Amino acid sequence: QNNAKVAVLGASGGIGQPLSLLLKNSPLVSRLNLYDIAHTPGVAADLSHIETRANVKGFLGPEQLPECLKGCNVVVIPAGVPRKPGMTRDDLFNTNASIVATLTSACAKHCPEAMICIISNPVNSTIPITSEVFKKHSVYNPNRIFGVTTLDIVRANTFVAELKGLDPARVNVPVIGGHAGKTIIPLISQCTPKVDFPQDQLEKLTGRIQEAGTEVVKAKAGAGSATLSMAYAGARFVFSLVDAMNGKEGVIECAFVRSEETESPYFSTPLLLGKNGIEKNLGIGKISPFEEKMVAEAMSELKASIKKGEEFAKNFK
C-alpha cells in the first residue's frame, strides 16, 4: 500500500530541499517529483543517489509542471519568498499569492484529486486562494486542501516540554486558529500529558509560540526564515496524511481548512484524516476562558486575511 506519489513544488528552496530529503527517506513514498524554476535537475540527481525506494525525478520550469503533477496523490507547496527581518507573513502576500495561484491552477488541471498541502505564507490567505482556484476549475473538494500549520504544534510541543522537563515526542498541544501572530492559538489546556502554568508564564509561553517564526527570522539575520523545522513539520503532516490514505485509523493532525467550527470560513482545528482527506473535523472542544478570549480576538484578523485571499483569486487571470 505504500505507493504514494508525492510532488514538491518549490523543491530547490530553503524548505523544499530538506523537505524533499525527508520525503525521500520515507518508505511511504514510492515516487518523488520535484519541481522548481531553477536547480531541480541538480537537487533530483543528488537525492536520487540515496538508498531508499522512492524514485526521484526533477522538473524544471512551467512547461514541465503538468508532467510533474500527473498521477500524483499528494502535492506539497513550499514555493515562494521567505520572510526577512521586520517583515510580517502578510508582507509576502503579493509575491506568494501569485505563485500559489499559478501552481494550484496547474494542480486543478493535472491532478484534481490529489491532496494539496500548502506551506507558502501567508497561509491564512493562500488557502482561500487555493480553494477559489479549484472552484474556478470546478474540481473543488474542501476535504483535500490543507494549510500546513504543523510547525505551530511542533513548536508548542517543544516549548512545553522544555519548561516541564518532558520528552517532547510525548507532548501533544493542539494549536487552532490560523498561522500568523495572534491567530495562532495554542490550547495548553488540552495538552497531553496535562500541564499547568501560572497565568504570567502561560501568557509568555503563548506569546513565544505565536512569535516563534519571528524568533528564527531574527536569529538568521536576513538569511531566511524557518526552513529546517518547517521541512520537518511539513514532512510530519505528509506522513500522517499518507498513513491515513493507506487506511491507518485514528490519525489526527491540525490544519488550516474550510471550516464551520467558528464564524471564520477557514479555521485550524484537530482533524481526523482518512482515505479521502478530512474524515471528520473534531472541532475546538472544551477550552479555557483565556483561550476563548484569544479565539475571539483572532477573528477580525483571520477574516480580513481570508477575504484578501478570496479577492485576489477572483481577479487572478
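The rules behind the values
- Residues numbered from 1 in each chain as written.
- Predicted model: local features only at pLDDT ≥ 70, side-chain atom pairs only at ≥ 80, totals over all residues.
- Heavy atoms only, no water.
- Helix = DSSP H or I, 4+ residues; strand = E, 2+ residues; numbered from the N terminus.
- Rg over C-alpha atoms; globule rule 2.2 N^0.38 Å.
- Buried < 20%, exposed > 50% of the residue type's maximum accessible area, 1.4 Å probe, protein only.
- Expected span 1.5 Å × (residues − 1).
- Bend = angle between axes of the 7 residues up to and from the residue.
- 1 Å grid on protein atoms, 1.4 Å probe; cavity = no way out; pocket = protein on both sides within 12 Å on 5 of 7 lines; lining within 4 Å.
- Points joined across faces, edges and corners; volume = space filled by probe spheres on them.
- Domains from an automatic or database assignment.
- Nonpolar A, V, L, I, M, F, W, Y, C, P; charged D, E, K, R; others polar.
- Core = buried A, V, L, I, M, F, W, Y, C linked by side-chain atoms within 4.5 Å.
- Contact = heavy atoms within 4.5 Å.
- Salt bridge = Lys/Arg side-chain N within 4 Å of Asp/Glu carboxyl O.
- Axes fitted to C-alpha atoms, helices over the stretch in contact; angles between N-to-C directions.
- Left-handed = near helix turned anticlockwise from the far one by under 90°.
- Buried area = accessible area lost by both parts, 1.4 Å probe.
- Polar contact = N/O pair within 3.5 Å; in protein donor to acceptor, adjacent residues only side chain to side chain.

Caption draft 1: Summary view of the overall build of the protein chain. Looking only at helices and strands, the protein chain features 10 helices and 11 strands. Taking 20 Å as the expected radius of gyration for a compact globule of 317 residues, we find that the protein chain reaches 18 Å, a close match to that expectation. Along the longest, intermediate and shortest principal axes, the C-alpha atoms of the protein chain span 55 × 45 × 40 Å. Taken over 317 residues, the protein chain has a buried fraction of 55%.

Caption draft 2: Expanded view of helix H10 (residues 289–315). With 27 residues, H10 ought to run about 39 Å at 1.5 Å a step, and its terminal C-alpha atoms sit 40 Å apart, in line with that. Where H10 bends most, at Met299, the angle is about 40 degrees. Among all positions of H10, only Glu291, Met294, Val295, Ala298, Met299, Leu302, Ser305, Ile306, Gly309, Glu310, Phe312 and Ala313 are buried.

Caption draft 3: Layout of the layout of surface pockets. Estimates place the volume of the largest pocket at around 740 Å³. In terms of lining, the largest pocket is formed by 38 residues, of which the most central are Pro78, Ala79, Gly80, Val81 and Pro82. For the lining of the largest pocket, the elements supplying multiple residues, two or more each, are strand S2 (29–36), helix H4 (93–110), helix H6 (150–164) and helix H8 (212–219). Among the elements that take part in the lining of the largest pocket, H4 stands out by supplying seven residues, more than any other. In this structure, the lining of the largest pocket is formed jointly by two domains, domain 1 (4–148) and domain 2 (149–305), each of which donates at least three residues. As for the second largest pocket, its lining consists of 15 residues, of which Thr88, Arg89, Ala180, Gly181 and Glu301 are closest to the centre. Of the residues belonging to the lining of the second largest pocket, the class tally is three nonpolar, six polar and six charged.

Caption draft 4: The arrangement of the nonpolar core in detail. Core analysis: the largest hydrophobic core is formed by 45 residues, its most contacted members being Leu9, Leu69, Val75, Ile77, Cys107, Ile116 and Ile129. Residue assignment for this core shows that the elements contributing at least two residues are strand S1 (4–9), helix H3 (65–69), strand S4 (74–77), H4, strand S5 (115–118), helix H5 (123–136), strand S10 (266–274) and H10. Shared between two domains, this core takes at least three residues from each, and those domains are domain 1 (4–148) and domain 2 (149–305). Residues in contact with Val75, not counting those within four places in the same chain, are Ala7, Leu9, Leu69, Cys107, Cys111, Ala114, Met115, Ile116 and Cys117. Grouped together as the second largest cluster of nonpolar side chains are 41 residues, Ala11, Leu32, Ala235 and Phe237 included.

Caption draft 5: Representation of the pattern of salt bridges in the model. Scanning the entire structure with this criterion turns up nine salt bridges. Between Asp90 and Lys308 there is a salt bridge; the shortest N-O distance is 3.0 Å. On the criterion of sequence distance, the pair formed by Asp90 in the loop between S4 and H4 and Lys308 in helix H10 is long-range, its members being 218 residues apart. For Asp90, a relative accessible area of 33% puts it in the partly exposed group. Residue classification places Lys308 among the partly exposed positions, given a relative accessible area of 34%. Of the charged contacts, one joins Arg236 and Glu253 as a salt bridge, the two residues approaching to 3.1 Å between their closest N and O atoms. Pair noted here: Arg236 is in helix H9 (residues 228–245) and Glu253 is in strand S9 (residues 252–258), with a separation of 17 residues, a long-range link. On the basis of relative accessible area, Arg236 is assigned to the partly exposed category, the value being 24%. For Glu253, a relative accessible area of 5% corresponds to the buried category. Because the salt bridges share partners, they merge into one network encompassing Glu162, Arg208 and Glu215.

Caption draft 6: Region of interest: the packing of H6 against helix H7 (residues 199–210). As a packed pair, H6 and H7 sit with axes 10 Å apart at the nearest point and diverge in direction by 145 degrees. Of the two elements, H6 crosses H7, and the hand of that crossing is right-handed. Mapping the contact onto sequence places Asp152, Ala156, Phe159, Val160, Glu162 and Leu163 in H6 and Gln201, Leu205, Arg208 and Ile209 in H7. Residues belonging to the contact of H6 with H7 are distributed by class as follows: six nonpolar, one polar and three charged.

Caption draft 7: Layout of the domain arrangement of the protein chain. What the domain assignment reports for the protein chain is domain 1 (4–148) and domain 2 (149–305). Taking only C-alpha atoms into account, the centre of domain 1 sits 21 Å from that of domain 2. With 35 residues of domain 1 at the interface, the matching set in domain 2 holds 44 residues. Interface area, domain 1 with domain 2, both sides summed: about 3,300 Å², of which 69% is carbon and sulfur. The largest share of the area that domain 1 buries against domain 2 comes from Arg89, Asn124 and Val148, three residues that together contribute 21% of it. At the surface where domain 1 touches domain 2, the tally comes to zero salt bridges. Where domain 1 packs against domain 2, one counts 10 residue pairs in polar contact (both at pLDDT 80 or more). Mapped by element, the contributors of at least two residues to the side of domain 1 that touches domain 2 are helix H1 (16–24), S4, S5, H5 and strand S6 (145–147). With six residues, H5 is the single largest residue contributor to the side of domain 1 that touches domain 2. Along the lines of polarity and charge, the residues of the side of domain 1 that touches domain 2 split into 22 nonpolar, nine polar and four charged.

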